[in-house]
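Descriptive structure summary
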Amino acid sequence: IKYKKKKKEWQTATTIIAVEFNGGVVLGSDSRVSAGETVVNRVMNKLSLLHDKIYCALSGSAADAQTIAEMVNYQLDVHSIEIGEDPQVRSAATLVKNISYKYKEELSAHLIVAGWDRRGGGQVFVTLNGLLSRQPFAVGGSGSSYVYGFVDAEYQKGMSKEDCQQFVVNTISLAMSRDGSSGGVAYLVTIDEKGAEEKCILGNELPTFYDQ
């Protein structure tokens, strides 16, 4: 994530990922926030709570992405009170999509929405401008360019929760090692019927690969 500067739009600089497993989802992100060549925050959590069992992964302008997440969080709280139950993941993704499209000229942010609900189970949605698409897994941010081949080769349908967690950690670690705008620690959120479990993996605890 990068902060915006007057008369210059900072481009997406982060690594975010979400993947479905049978019964839930796993989200992950790095933690580096930069403005130009300067790292302004080494440990920002880019996995933002939208509701009890729904999270989003943030990329793009830090301020814009956080604003969208806060707006959706508020609207979902009101919506859940009105319907008397937890909102659906698709509802949260639709709200993100609508806000992103309505303010596409003013905002620079891309959010991946993922979570669990009793109707659809674990779900991952990609939202960008007017797009809303459910995917078995999704990656985003500048670091994603370095790992598309890895995730396409390593993802397998029907992976367990533990396999998905390791898949997410490996993807983030690889992206952080290649992308200068991704770094810091890795944040993970695992969501299932029981709720959400957050985890932070320090940089020296991340897996290393042959060239590291």
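We now turn to the structure provided with this report. What you see is a predicted model; the values in this text were computed from it and never measured.

Here is what the cut-offs are and how they apply
- Residues numbered from 1 in each chain as written.
- Predicted model: local features only at pLDDT ≥ 70, side-chain atom pairs only at ≥ 80, totals over all residues.
- Heavy atoms only, no water.
- Helix = DSSP H or I, 4+ residues; strand = E, 2+ residues; numbered from the N terminus.
- Rg over C-alpha atoms; globule rule 2.2 N^0.38 Å.
- Buried < 20%, exposed > 50% of the residue type's maximum accessible area, 1.4 Å probe, protein only.
- Contact = heavy atoms within 4.5 Å.
- Areas by Shrake-Rupley, 256 points an atom, 1.4 Å probe, with all protein chains shown as cover.
- Salt bridge = Lys/Arg side-chain N within 4 Å of Asp/Glu carboxyl O.
- Pairing = 2+ DSSP bridges.
- Axes fitted to C-alpha atoms, helices over the stretch in contact; angles between N-to-C directions.

**What about the overall build of the protein chain?**
A tally of regular secondary structure across the protein chain gives four helices and twelve strands. In terms of overall dimensions, the protein chain is globule-like: its C-alpha atoms have a radius of gyration of 16 Å, near the 17 Å expected for 212 residues. Considered along the principal axes of its C-alpha atoms, the protein chain spans approximately 50 × 45 × 25 Å. Across the 212 residues of the protein chain, 50% fall into the buried class. Taking all contacts inside the protein chain whose residues are at least 6 apart in sequence as the whole, residues at least 24 apart take part in 65%. Of the roughly 10,500 Å² that the protein chain leaves accessible, carbon and sulfur atoms contribute 46%.

**Looking at the pattern of salt bridges**
For the coordinates displayed, the defined rule picks out four salt bridges. Two residues, Glu20 and Arg134, come together in a salt bridge whose shortest N-O distance is 3.0 Å. With a gap of 114 residues between them, Glu20 in strand 1 (residues 16-21) and Arg134 in strand 9 (residues 131-134) connect regions that are remote in the sequence. Looking at Arg134, the relative accessible area reads 40%, which means it is partly exposed. In this structure, Glu85 and Arg119 form a salt bridge, with 3.6 Å as the shortest nitrogen-oxygen distance.

**A look at the sheet that holds strand 8 (residues 121-128)**
Taking strand neighbours across the sheet as the criterion, the five strands line up as 5-6-7-8-9 in an open arrangement whose pairing is antiparallel. The open sheet has two free edges, formed respectively by strand 5 (47-51) and strand 9, since each of these has just one partner strand. Strand-to-strand, the axes of this sheet are offset by a mean angle of 25 degrees, without reference to chain direction. Relative to strand 7 (residues 109-117), strand 6 (residues 54-60) runs antiparallel, the two being bridged by seven bridges. Opposite Leu58, over in strand 7, you have Leu111 as the bridge partner. Each of strand 5, strand 6 and strand 7 is contacted by helix 1 (residues 62-83), which is oriented at about 20 degrees to strand 5, the strand it contacts most.

**Remarks on the pairing of strand 11 (residues 186-192)**
Taken across its seven residues, strand 11 has seven buried, putting it largely inside the fold. Taking every second residue as pointing to the same face, both faces of strand 11 are buried, with Ala186, Leu188, Thr190 and Asp192 on one and Tyr187, Val189 and Ile191 on the other. Examined bridge by bridge, strand 2 (residues 24-29) and strand 11 share six bridges and lie antiparallel to one another. Bridge pairing in strand 11 links Val26 to Thr190. In this structure, the hairpin formed by strand 11 and strand 12 (residues 195-201) is closed by a connection of two residues.

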